[in-house]
Amino acid sequence: MKMVTTMDEMMVTTRDAVQLTVRPVEPGDAVLLEDLFDNVSAEDRRFRFLNAKEHVGQYQIAPMVAVDHWKTENFLAFDTANGALVASALLAGDTKMEVGEIAVSVRSDYKGRGVGWAMLDVLGKAARERGMKEVIAIEDKENHAAIELEREKGFEARAFEGDPSLVILAKSLG
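The structure presented is a predicted model; accordingly, all values stated were derived computationally and were not measured.

Trainee: Any chance you could break down the pattern of salt bridges for me, citing the residues and the numbers?
Mentor: Evaluated as defined, the whole model comprises 10 salt bridges. Residue R107 is joined to D109 by a salt bridge in which the shortest nitrogen-to-oxygen separation is 2.6 Å. A network of salt bridges, in which partner residues are shared, links R23, E26 and D29.

See the structure below:
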């Protein structure tokens, strides 16, 4: 994967040669995010939001748009060939900015093309720039695809206290 960074945008090429423009979310992106999640599989929506709602509405979208661009950031990836929003990658730092929780969602028709892999790299780079020591993803144990992808990227699984249906995947940035 190749990343070229400018002030607010990155050009990213996935392993399948999908060219992406990646930028931080902007206040007017709520409608784009609603459309993205309408094009994410029902199973992936359930894994991302830990519920089975058919449509992701403003209540869930608002915190993904109202970020401070430091402690919390949401990166949007657009296919340069057609301008379509194909992924959202969220980074939320803890109060000490030592650990960042991440979440990646990819449009169904772009899965398996290296987009998720590339967005994990974008999140890792952003977490390092903020001085974080670790990134974690909280996954449903049934989300085998995400768990496998994160393990391929060097994440290690550990128990999620209090909920045996979830697992934490963590990666040290040190």
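Trainee: Break down the nonpolar core for me, with residues and values.
Mentor: In summary, soluble globular proteins display a tendency toward joint burial of nonpolar side chains. Formed by 32 residues in total, the largest nonpolar core has its most connected members in V22, F75 and M119. Among the elements of the structure, strand 2 (10-13), strand 3 (19-24), strand 4 (72-79), strand 5 (85-93), strand 6 (99-106), helix 4 (115-129), strand 7 (134-140) and strand 9 (166-172) are those that each provide at least two residues to this core. Ranked by residue count, the leading element in this core is helix 4, at eight residues. Counting 15 residues, the second-largest nonpolar core is a separate cluster that includes L36, V40, V56 and V67.

Trainee: Describe the packing of helix 1 (residues 30-38) against helix 3 (residues 58-65), naming the residues involved and giving the relevant values.
Mentor: Axis angle and axis distance: for two packed helices, these are the angle between their axes and the distance between the axes, and together they describe the pair. It is the contact of helix 1 with helix 3, at a shortest axis distance of 10 Å, that shows an interaxial angle of 120°. Here helix 1 lies oblique to helix 3, going by the angle between them. Along this stretch, helix 1 crosses helix 3, giving a crossing that reads as right-handed. Residues A30, L33, E34 and F37 of helix 1 form the contact with helix 3, whose participating residues are Q58, I61, M64 and V65. Here the contact of helix 1 with helix 3 is composed, by residue class, of six nonpolar, one polar and one charged.

Trainee: Could you give an account of helix 1, with specific residues and numbers?
Mentor: Along helix 1, the residues classified as buried are A30, L33, E34, L36 and F37. When helix 1 is viewed along its axis, its buried side chains cluster within an angular range of 160° and face the same direction. On the buried face of helix 1, the contacting elements are helix 2 (42-49), helix 3, strand 4, strand 5 and strand 6.

Reading the values: rules and limits
In every chain, residue numbers begin from 1 and rise along the written sequence. Local features in this predicted model are restricted to residues of pLDDT 70 or higher, and side-chain atom pairs are both shown and tallied only at a pLDDT of 80 or more, whereas totals for entire chains, interfaces and linings draw on every residue. Calculation of side-chain values draws on the structure's entire complement of heavy atoms; hydrogens and water are dropped beforehand. What makes a salt bridge here is a side-chain nitrogen of Lys or Arg within 4 Å of a carboxyl oxygen of Asp or Glu, nothing more. Here, the term nonpolar core denotes a set of buried Ala, Val, Leu, Ile, Met, Phe, Trp, Tyr and Cys residues that are joined through side-chain atoms within 4.5 Å. Three labels apply to residues, based on accessible area from a 1.4 Å probe with only protein chains included: buried if under 20% of the type maximum, exposed if over 50%, partly exposed otherwise in between. Helical segments are the DSSP runs of H or I of at least four residues, strand segments are the runs of E of at least two, and each set is numbered from the N terminus. In this description, a line fitted to the C-alpha atoms serves as the axis of each element, helices being fitted only across the stretch in contact, and the angle between N-to-C directions of two axes falls anywhere from 0 to 180 degrees. Just so you know how the angles are binned, under 35 degrees is roughly parallel, over 145 roughly antiparallel, 65 to 115 roughly perpendicular, and the rest oblique. Helix crossings fall into two classes, left-handed where the near helix is turned counterclockwise from the far one by less than a right angle and right-handed where it is turned clockwise. We call two residues in contact whenever any of their non-hydrogen atoms come within 4.5 Å of each other. Charged residues are taken to be Asp, Glu, Lys and Arg, nonpolar residues to be Ala, Val, Leu, Ile, Met, Phe, Trp, Tyr, Cys and Pro, and polar residues to be all remaining types, Gly included. The arc in question is the one traced by the directions running from the helix axis out to the C-beta atoms.

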